[in-house]
Every structure is written in structure tokens, then in C-alpha cells.
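# Chain and residue survey
Here is what each chain is made of, one letter per residue.
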Amino acid sequence: MLRDDIAHLRKLELADLERTWQWMQDPDVYLKIGVHIPISRTEHERWFDRTDASKDKIVFAVCLNGSDKHVGNVSLDNIDLRHRNARISIFIGDREERGNGLGSSALRLLSQYAFNFLNLHKIWCKTSADDELVLRFYEKSGWVKEGVLRDHEYLDGCYRDKVLFGLTRSMYRATIDQ
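Residues numbered from 1 in each chain as written. Predicted model: local features only at pLDDT ≥ 70, side-chain atom pairs only at ≥ 80, totals over all residues. Heavy atoms only, no water.

### Things to note about the overall build of the protein chain
Looking only at helices and strands, the protein chain has 6 helices and 8 strands in total. For the protein chain, the C-alpha radius of gyration of 16 Å lies close to 16 Å, the compact-globule estimate for 178 residues. Its C-alpha atoms give the protein chain principal-axis dimensions of roughly 40 × 40 × 35 Å. Residues counted as buried form 42% of the 178 residues belonging to the protein chain. Across the protein chain, the fraction of contacts at a sequence separation of at least 24, relative to all contacts at a separation of at least 6, is 59%. (Helix = DSSP H or I, 4+ residues; strand = E, 2+ residues; numbered from the N terminus. Rg over C-alpha atoms; globule rule 2.2 N^0.38 Å. Buried < 20%, exposed > 50% of the residue type's maximum accessible area, 1.4 Å probe, protein only. Contact = heavy atoms within 4.5 Å.)

### As for the pairing of strand S7 (residues 144-155)
Pairing analysis gives 8 bridges linking S7 to strand S8 (residues 158-168), with the strands arranged antiparallel. From the neighbouring strand, Val144 faces S8, where its bridge partner is Gly166. Hairpin connection, S7 to S8: the antiparallel pair is bridged by 2 residues, and Asp156 has positive phi, about 50 degrees. (Pairing = 2+ DSSP bridges.)

### Examining unusual backbone geometry
Even without glycine at this site, Asn78 takes up a positive phi of about 50 degrees. Structurally, the position occupied by Asn78 is in strand S4 (residues 70-80). Residue Asn78 is classed as partly exposed on the basis of its relative accessible area, which comes to 37%. Despite not being glycine, Asn119 has its phi angle at roughly 60 degrees, a positive value. With respect to the secondary-structure elements, Asn119 resides in the loop between helix H4 (102-117) and strand S6 (122-128).

Functional significance is not addressed by these values, which are geometric in nature.
This is the structure we're talking about:
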């Protein structure tokens, strides 16, 4: 199991769907992960079935140590075993648990899985250019800003920039050696 002193990751299970569906109704969650409208339970169940059967995507539940309380999700998708890279996504859906280091913990554990188990060379993500909190989160975690996708997504009547961040295996190793 992927675990540190704050949290652990386990594969997302069918029993987690109601909770994750409720989080997906929160604009603070669905807008950050790129879903621009709330989704139905039926759509969410279909998503889970596709994800569970996928060879290029894995979703983990972020859980508190001790209580096993499910507080968010992290995922690797677009897993490319030829080029040894994948995209990550992360959110802490439980509002009461945000700001307690769980996102950083989950990101470290997912990075450990990507580099040590899947033997990936690089993981990457894209996020909103105007979300200073998220930008600082990745920078503080040792990720490097690799570029900006100008006018990349349309939201609330205007186009928004997205920032690409990346972390290579050697960068990851440097962060754990500190």
C-alpha cells in the first residue's frame, strides 16, 4: 500500500462512487479538474466502469491514516509506457480536510508509484493559469512550469490559459534526497 505518515492511497472502489459523485457536484472540484458541468450518477458510474477497465488510467482514493476516511482522489492517465510518461490529476474533495497537507502527501505517494512501480520517466499536469494557490502547490512540490497553453479552455464567456507542469524521475529523486 502507498502510505506515509499522513495518508495512504488505495484503488478507487465502487463503494466510493456516491462520495465522489457528490464532490463532482461542487464547482470548486469539477472546474479545477476540467469537468465544466456537474455530471449525473449514471455518467459517473459509466466513467468508473471505463476507468476500472482501462489500461492507461488508474484512480486512487486518498484516505486518512487511522480512520481510512476517503477525502479525495488522485490519478494517472494517458499512461504512455513507450515514452514512459503520464498525466496526473488530484483533488481533495472533502472541504474540511483541505489545507492539512493531504494534497502534498497524495502527490508524493502518486509520484512514488509512477516512478518506482510503473518506472515512468516523467509525470505532468495542466492547471489554470489564474489559480495562484494551485500554481504555488506544484512549484512548492518541486514541479517545473514547462509552458503556457494560451486561450486553451473556454469558461464563463472567455478563453483561459492553462499552465503545464512536469516532474521527471531525476527531479523527483532530488526532492526526496533533500
